[in-house]
Structure formats: structure tokens, C-alpha cells
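Overview (structure and organization)
Each chain, letter by letter, is given below.
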Amino acid sequence: MTPTAGQAGAAPASRPEPTHGCARCGAEVPIDVGLCERCNPLGLKDVAASQAHGTVFLAIAVGVAILAVVGRLSLGGIGPFDGRIAAIVPSPPGLSVTLVVENQGSRAGFASCRLYDPDSPGIGPESVSVESPRIEAGRSATFSALLTTMGTEVRPVAVSCSGP
């Protein structure tokens, strides 16, 4: 087979140099350069580390602020909750405690209640946390919890309830 006119003595096709976008404006620059001539007139090697870290810090701060606003909007109006002990009866292996929890807020929600020995300072191993059923705004709910950490003898139990 004889070479055609186009093939004879033709140099191999050169491949274009790989490029990427300028870190500031997006203009095409060689792969080993961070900024274009317009954005880097002094010919600095690359974007300063403080610029990159500052941008990341700013993005994280904005993200946290957005999450705080969304959380406030979604959880606002739930509670406060007022809890009281209605009854305590022995129920081996512990005590059956009946609680009445009132949602004093403007939206329905769940209360987290801590049952504990009022004579024991702080949060001890005998305290137990329970979650209430869903309580509509301005309403109360009555429910029972089994407290197995204070024995089976009826004794004083305190309750503290809070919202999300």
C-alpha cells in the first residue's frame, strides 16, 4: 500500500494541552496554573492559602447559620412542657410511674422527661429518661413508664420535662 498525499511526511497530530478554569473567573488556563493573567497580574504562583481557607470557613459559617434558622423555624412553638407524677405503684421488677405532661406551646410535639430520685443530687445512675407520646398544643397526655432503677418499694420520684 502506498502512502497517500495526506499521510506522507505528516507529523503526528499534536494533542491540545490540558486546561482547567481559573480559580477566580473561570477562564481557561494551563493545568499547572491557578489564575489567569487578568486575575493574577503579578504572576503569583497560586491562590493564597488564606483565601482558600477563608472561603471554606465562610461557606461553613453560612451553612451553620442556615441550619440554625431552619431548626428554629421547624422547632419553634413546641413546648415548654410541664410534667407531674400522677401515681406510683410497685410493678416488679420496678415501679410503674404514671405521668401527666402538658404542652404549653403553640405547636404539637414530644416531651423528653427525666424521672429521678429528688434526694439524689445531679444525674445519677437511678435516673431514667422517657419520651412522651405526641402532645397537641395546649393539651396534656397521660402515660406510664416502668422505672427499674429504684427498686420495687414506692418512694418519692421527681420529674423534669423539656422539649426538643
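Structure first, text after, so check above.
A brief look at the structure comes next. The shown structure was predicted, so the numbers you read here are calculated from the model rather than taken from an experiment.

The helix and strand inventory of the chain stands at one helix and eight strands. Secondary structure elements in the chain, listed N-terminal to C-terminal, are β-β-α-β-β-β-β-β-β. Among the 164 residues that make up the chain, the fraction classed as buried is 27%. Counting contacts in the chain only where the partners sit at least 6 residues apart, residues at least 24 apart contribute 56% of the total. For the chain, the accessible area works out to roughly 11,100 Å², and carbon and sulfur atoms hold 59% of it.

If you walk across this open sheet you meet the three strands as S6-S5-S8, and the pairing is antiparallel. What marks the edges here is a single partner per strand, and that holds for strand S6 (128-131) and strand S8 (158-162). Adjacent strand axes in the sheet meet at a mean angle of 25° when their direction is disregarded. In this structure, strand S5 (residues 112-116) lies alongside S8, joined through five bridges in antiparallel fashion. Paired with Arg-114 across the strands is Ser-160, a residue of S8.

So, on to the packing of aromatic side chains. In this description, a pair of aromatic rings is defined by centroid distance and the angle of the planes. Overall, the coordinates contain zero aromatic pairs when judged by the stated rule. When the ring centre of Tyr-116 is taken as reference, the NZ or CZ atom of Arg-114 above it lies at 4.1 Å.

Checked against the element boundaries, Ala-137 lands in the loop between S6 and strand S7 (140-147). Look at Ala-137 and you get partly exposed, because its relative accessible area is 33%. C-alpha of Ala-137 to C-alpha of Gly-79: the two residues are 58 residues apart in sequence and 8.0 Å apart in space. If we ignore the near neighbours within four places in the chain, the residues touching Ala-137 are Asn-103, Gly-105, Ser-106, Arg-107 and Ala-108.

Right, let's talk about the pattern of salt bridges for a bit. In total, this model carries two salt bridges according to the counting rule given. Between Glu-136 and Arg-134 there is a salt bridge, with its nearest N and O atoms 3.4 Å apart.

Analysis parameters
As a convention, each chain's residues are numbered from 1 in the sequence order in which they are written. Thresholds applied to this predicted model are a pLDDT of at least 70 for local features of residues and 80 or more for the giving and counting of side-chain atom pairs; totals over whole chains, interfaces and linings are not thresholded and use all residues. By convention in this description, side-chain values take in all heavy atoms of the structure and omit both hydrogens and water. We count a stretch as a helix when DSSP gives it H or I for four or more residues in a row; a strand needs E for two or more, and each element gets its number in order from the N terminus. Categorising residues by exposure relies on relative accessible area from a 1.4 Å probe, with only protein chains included: less than 20% of the type maximum marks a residue as buried, more than 50% marks it as exposed, and the intermediate range marks it as partly exposed. Any two residues having at least one pair of non-hydrogen atoms within 4.5 Å are treated as being in contact. Working definition of accessibility: Shrake-Rupley area with a 1.4 Å probe, residue cover restricted to the visible protein chains. Strands are labelled as partners when DSSP assigns at least two bridges between them. Note on method: axes are straight lines fitted to C-alpha atoms, helices fitted across the in-contact stretch only, with angles between N-to-C directions ranging 0 to 180 degrees. Planes of paired rings set the category: under 30 degrees apart is stacked, over 60 is edge-to-face and the rest tilted, where pairs are Phe, Tyr or Trp rings (Trp by its six-membered ring) whose centres lie within 6.5 Å. We call a charge positioned above a ring when the Lys NZ or Arg CZ atom is no farther than 6 Å from the ring centre and deviates by at most 35 degrees from the ring normal. Each salt bridge in this description consists of a side-chain nitrogen of Lys or Arg and a carboxyl oxygen of Asp or Glu lying within 4 Å of one another.

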